[in-house]
Amino acid sequence: MPFVDATLRAEIDALAPELTTIRRDLHRHPELGFEEHRTGAVVRAWLERHGYTPRSCASTGVIADLHPGHPGKTIALRADLDCLPMPETTDLPYRSIHEGRAHKCGHDGHTAVLLGVAAILDRYRDRLPGNVRLLFQPAEEGVDGGGAKRMVAEGALDGVDEVYALHNWPGHPRGHIRVKPGPMLAQTHWLGITVHGVGGHGSQPQLCRDPIVAAAHIVVALQTVVARGLGYDGGAVVSVCRFSSGTTDNVVPATAELEGTVRTFAPEITELVLARIREVVHGTAAALGVRAELELEPGYPVVMNDPTCAHAVHRVATQVVGSGAVSDAGLPIAGGEDFAYMAQAVPGAFFFLGAGAPGRDTPGCHHPDFDFDDTIIPTGVAMFMGLVADRFGI
Ligand SMILES: [Zn+2]
Ligand SMILES: [Zn+2]
């Protein structure tokens, strides 16, 4: 008989209203990376109420073991705690009370899901022949290199055999699971370019080296890096997302600044793309008589799913959501995730839980109108419970 049976599902459904209340409370009180003090307190209180002894990790992170020191396997499950530095534009009754901070990636929902798992696991404590480690991670959204890296460095995965995480995704149908072995999310690089020209009077361009025109050429030339540098299956993204220069209408400025992002999925493609960017930027600058300063800083690595772990997620999803609702469609995604560091440390798998409402264009993660879909909380809890059972062979 499958572990995620009608009894377990009924238990999860009975808990869902309370988890929704917590999720909305977290939504009202969003906190940025490494500032998740209130969120951490909510998590700790819940864990203590359910028989755990939580401890701190990576500043504002929280860890709890179901069976500390158990000689059997340890399976780790991760949720992220932080919000984004962006405004809340919705008029939800539980909208953010903090100006410029909002849960627009659904980490409030991920936290609620893992709290649900904690409560259900507590009831099955005696049936589990090993340990489950719950990782409530701070700072996924890119503060100081990410909270996952720091958690790994501080030993959060010591003694862990496998680690799993989920992310809601409005681009996939509600309740569907998306998973595959290998790359799930991209290697990110920050791209920064400063074009140094020669400024002067707007009426005397012949005496200047216009950095705006040169930077514009660089932006256009960068479009060839993927389109002309890689074949049909290249799989990379180069986006210039900021272009700033100048102060007024009649002065040719001395500099122009560009900022952007590069996304790749394989080391050889990364190398090729970065090499082409260097050539294009410096070559274009030289052709136009200006100098370009180029910085390419690596961000999160590729989230690489271990084949065994990814197959386990697929198997469990078939049981929990049905075989028609699990696939690898739309993967990998060019977003970045610091779960990559956890999946580098031990075998692991990351999967998406669809949150797209039927028949409407649901705002995606990081969209100002985004809100976590509470109706997927039970599926998230059931997926993690199913994974625990699968990995313990019960
Ligand atoms: Zn995000
Ligand atoms: Zn996220």
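Scroll up to find the structure.
Scope of this entry: the structure provided in the associated data block.

### Examining the overall build of the chain
- When helices and strands are counted, the chain shows nine helices and 16 strands.
- Computed over its C-alpha atoms, the radius of gyration of the chain comes to 24 Å, within 12% of the 21 Å expected for a compact globule of 394 residues.
- By principal-axis analysis of the C-alpha atoms, the chain measures approximately 80 × 45 × 45 Å.
- Out of the 394 residues belonging to the chain, those deemed buried represent 55%.
- In the chain, once contacts between residues fewer than 6 apart in sequence are set aside, the share between residues at least 24 apart is 81%.
- Element-wise, carbon and sulfur atoms account for 53% of the exposed surface of the chain, whose accessible area totals about 16,200 Å².
- Placing the 32 positive and 46 negative side-chain charges of the chain at their respective mean positions leaves the two points 2 Å apart.

### Notes on the sheet that holds strand E6 (residues 177-178)
- One open sheet holds the eight strands; their spatial order is E1-E2-E4-E3-E5-E16-E6-E15, and the pairing between them is mixed. Across the chains shown, the open sheet's two edge strands, defined by having one partner strand only, are strand E1 (55-57) and strand E15 (326-327).
- Strand direction decides the pairing type here: strand E3 (residues 74-80) and strand E4 (residues 131-137), joined by seven bridges, are parallel. Along E4, the bridge assignment pairs alanine 79 with phenylalanine 136.

### Details of the environment of glycine 40
- Residue position: glycine 40 is located in helix H2 (residues 37-49).
- For the pair glycine 40 and aspartate 13, spaced 27 residues apart in the sequence, the C-alpha separation amounts to 25 Å.

### Notes on the coordination of the zinc ion (ligand 1)
- Distances from the zinc ion (ligand 1) to its protein donors, Cys105 (SG), Glu141 (OE) and His366 (NE2), fall within 2.0 to 2.2 Å.
- If you look at the zinc ion (ligand 1) and the zinc ion (ligand 2), they sit 3.2 Å from each other and are both ligated by cysteine 105. Residue glutamate 141 is found in the loop between E4 and helix H4 (147-153), and its partner histidine 366 is found in the loop between strand E16 (348-356) and helix H9 (377-392); the two are separated by 225 residues along the sequence.

### Describing the packing of helix H1 (residues 6-28) against helix H3 (residues 107-123)
- Contact pair H1 / H3: the axes reach a minimum separation of 9 Å and the direction vectors enclose 140°. On the basis of their axis angle, the class for H1 and H3 is oblique. Here H1 and H3 pass one another in a crossing that is right-handed. For the pair H1 and H3, contact is made by Leu8, Glu11, Ile12, Leu15, Leu19, Ile22, Arg23, Leu26 and His27 and by Asp108, Gly109, Thr111, Ala112, Leu115, Gly116, Ala119, Ile120 and Arg123, respectively.
- Residue composition of the contact of H1 with H3, grouped by class: 10 nonpolar, four polar and four charged.

### Overview of the layout of surface pockets
- For the largest pocket, the calculated volume is near 720 Å³.
- As for the largest pocket, its lining consists of 29 residues, and the residues nearest its centre are Glu141, Thr188, Arg263, Gly336 and His366.
- Among the elements of the structure, strand E5 (162-173), strand E8 (187-196), strand E10 (236-245), strand E12 (255-264), strand E13 (291-298) and E16 are those that each provide at least two residues to the lining of the largest pocket.
- In terms of residue count, the dominant contributor to the lining of the largest pocket is E12 (four residues).
- Residues belonging to the lining of the largest pocket are distributed by class as follows: 11 nonpolar, 11 polar and seven charged.
- Among the domains, domain 1 (6-184 + 303-392) and domain 2 (187-298) are the pair contributing at least three residues each to the lining of the largest pocket.
- In this model, the second largest pocket occupies a volume close to 160 Å³.
- Surrounding the second largest pocket, Pro170, Arg174, Ala355, Ala357, Arg360, Thr362, Pro363, Asp369, Phe370, Asp371, Phe372 and Asp373 form its lining.

Definitions and cut-offs
Residues numbered from 1 in each chain as written. Chains lettered and ligands numbered in written order. Predicted model: local features only at pLDDT ≥ 70, side-chain atom pairs only at ≥ 80, totals over all residues. Heavy atoms only, no water. Helix = DSSP H or I, 4+ residues; strand = E, 2+ residues; numbered from the N terminus. Rg over C-alpha atoms; globule rule 2.2 N^0.38 Å. Buried < 20%, exposed > 50% of the residue type's maximum accessible area, 1.4 Å probe, protein only. Contact = heavy atoms within 4.5 Å. Areas by Shrake-Rupley, 256 points an atom, 1.4 Å probe, with all protein chains shown as cover. Lys, Arg positive; Asp, Glu negative; His and termini not counted. Charge placed at Lys NZ, Arg CZ, Asp CG, Glu CD. Pairing = 2+ DSSP bridges. Donors = N, O, S within 2.8 Å, 3.2 Å for Na, K, Ca; no water. Axes fitted to C-alpha atoms, helices over the stretch in contact; angles between N-to-C directions. Parallel < 35°, antiparallel > 145°, perpendicular 65-115°, else oblique. Left-handed = near helix turned anticlockwise from the far one by under 90°. Nonpolar A, V, L, I, M, F, W, Y, C, P; charged D, E, K, R; others polar. 1 Å grid on protein atoms, 1.4 Å probe; cavity = no way out; pocket = protein on both sides within 12 Å on 5 of 7 lines; lining within 4 Å. Points joined across faces, edges and corners; volume = space filled by probe spheres on them. Domains from an automatic or database assignment.

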